[in-house]
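Here is what each chain is made of, one letter per residue.
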Amino acid sequence: MKRSAFYWLLLTAIVLSACASPATQAATPDPLGMEEAMSIELTSSAFSQGKAIPKKYSCKGDDVSPALAWGEPPAGTKSFALIMDDPDAPLGTWVHWVLFNIPASTRELPEAFPSDAALPDGSLSGTSSFNKTGYGGPCPPSGTHRYFFKLYALDETLAISAGANKGELEKAMTGHILAKGELMGTFTK
């Protein structure tokens, strides 16, 4: 009886220590494959991180995109993708801008970036929640909302067509993200 109790305790201790060991636990998979993605600084001359987005860039103003700029991406970057969305929308995340296959040599997007589906430099516009290509500015129904501009440095040019939505872009980017930058601004209607 003592011997079986000893083995039972020993087996329990081994199982518990194995369960507690970080090396034996499976990591939660990252849906965009960003476990090892580096950070890239994303800025705007129109507003600072966490600050208000000027009215000019909203549905109450000219509804044009703000200028964006970023630093050097990691080696191996073949293109960039950009998503702007509002997670505070009452019906779920509202997508304001989807842009991808931005050339790897690009370090900025000018104010009032064109909304054409396909641009001369090879950039492609995706479809927003407004059911159109190009930028759609902040336009919350009420209160203050947060708007996230997310830039991704990718190791390939994506094989998806102009008009792709955020979900299609995220699926295509999975496993190809080398770095990510994020800029958040707020807007109150």
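Residues numbered from 1 in each chain as written. Predicted model: local features only at pLDDT ≥ 70, side-chain atom pairs only at ≥ 80, totals over all residues. Heavy atoms only, no water.

Colleague: Describe the overall build of the protein chain, naming the residues involved and giving the relevant values.
Modeller: Helices and strands together make up the secondary structure of the protein chain, namely two helices and nine strands. Each helix and strand of the protein chain, ordered N terminal to C terminal, gives the series α-β-β-β-β-β-β-β-β-α-β. Counting all 189 residues of the protein chain, 39% fall into the buried class. The contacts of the protein chain with a sequence gap of at least 6 include a subset with a gap of at least 24, amounting to 73%. Accessible surface, the protein chain: about 10100 Å² in total, of which carbon and sulfur atoms supply 57%. (Helix = DSSP H or I, 4+ residues; strand = E, 2+ residues; numbered from the N terminus. Buried < 20%, exposed > 50% of the residue type's maximum accessible area, 1.4 Å probe, protein only. Contact = heavy atoms within 4.5 Å. Areas by Shrake-Rupley, 256 points an atom, 1.4 Å probe, with all protein chains shown as cover.)

Colleague: I'd like a rundown of the packing of aromatic side chains, residues and numbers included.
Modeller: Taken as a whole and judged by the stated rule, the model has five aromatic pairs. Between the aromatic rings of W97 and Y135, the centroid separation amounts to 5.3 Å while the plane-to-plane angle is 85°, which identifies the pairing as edge-to-face. In this pair, W97 sits in strand β5 (residues 94-103) while Y135 sits in the loop between β7 (124-125) and β8 (144-154), placing the two residues 38 residues apart along the sequence. Exposure class is identical for W97 and Y135. Each is buried. An aromatic cluster of at least three residues, connected via ring pairs, comprises W97, F113 and Y135. (Phe/Tyr/Trp six-rings, centres within 6.5 Å; stacked < 30°, edge-to-face > 60°.)

Colleague: Residue-level account of the sheet that holds strand β9 (residues 177-188), with values.
Modeller: Strand order in the open sheet formed by six strands is β1-β9-β8-β4-β5-β7, with mixed pairing between adjacent strands. Of all strands in the sheet, those bounded by a partner on one side alone are β1 (38-39) and β7. In terms of strand pairing, β5 meets β7 through two bridges, oriented antiparallel. Among the inter-strand pairings, L99 is bridged to a residue of β7, identified as S125. Packed on one face of the sheet, helix α2 (residues 166-173) meets β4 (79-86), β5, β8 and β9 and runs near 140° to β4. (Pairing = 2+ DSSP bridges. Axes fitted to C-alpha atoms, helices over the stretch in contact; angles between N-to-C directions.)

Colleague: Run through the sheet that holds strand β6 (residues 108-109), naming residues and quoting values.
Modeller: If you trace the three strands from one edge of the open sheet to the other, you get β2-β3-β6, paired in antiparallel fashion. The sheet is open, and its two borders are formed by β2 (42-43) and β6, each paired with just one other strand.

Colleague: Go over the pairing of β4, please, and point to the residues and values.
Modeller: With eight of eight residues buried, β4 is to be regarded as a mostly interior element. Taking every second residue as pointing to the same face, both faces of β4 are buried, with S79, A81, I83 and D85 on one and F80, L82, M84 and D86 on the other. With eight bridges connecting them, β4 and β5 associate as antiparallel partners. Counted as the bridge partner of S79 is P103 from β5. Both β4 and β8 contribute to a ladder of seven bridges, which runs antiparallel. When the sheet's bridge partners are listed, S79 is paired in β8 with L154.

Colleague: I'd like a description of the environment of L82, backed by residues and values.
Modeller: Examined against the element boundaries, L82 turns out to sit in strand β4. Classification of L82 by relative accessible area gives buried; the value is 1%. Through-space distance from the C-alpha of L82 to that of F149 is 7.0 Å; in sequence the pair is 67 residues apart. The contacts of L82, once residues within four sequence positions are left out, are L68, W97, V98, L99, I102, L109, K150, L151 and L169.

Colleague: Pulling in residues and values, what's your account of the confidence of the model for the protein chain?
Modeller: Considering every residue of the protein chain, the mean pLDDT works out to 87; 81% of them sit at 70 or more. Ignoring residues within four places in sequence, the model shows residues 3-30, a span with pLDDT below 50, making five contacts including any to other chains. (pLDDT = per-residue confidence, 0-100.)

Colleague: For the pattern of salt bridges, give the residues involved together with the corresponding values.
Modeller: Overall, the coordinates contain six salt bridges when judged by the stated rule. Residue D85 pairs with K150 through a salt bridge whose shortest N-O separation is 2.8 Å. Of this pair, D85 sits in strand β4 while K150 sits in strand β8, and the two are 65 residues apart along the sequence. A salt bridge links D85 to K166, with the nearest nitrogen and oxygen atoms 2.6 Å apart. Of this pair, D85 sits in strand β4 while K166 sits in helix α2, and the two are 81 residues apart along the sequence. Given a relative accessible area of 2%, D85 falls into the buried group. (Salt bridge = Lys/Arg side-chain N within 4 Å of Asp/Glu carboxyl O.)

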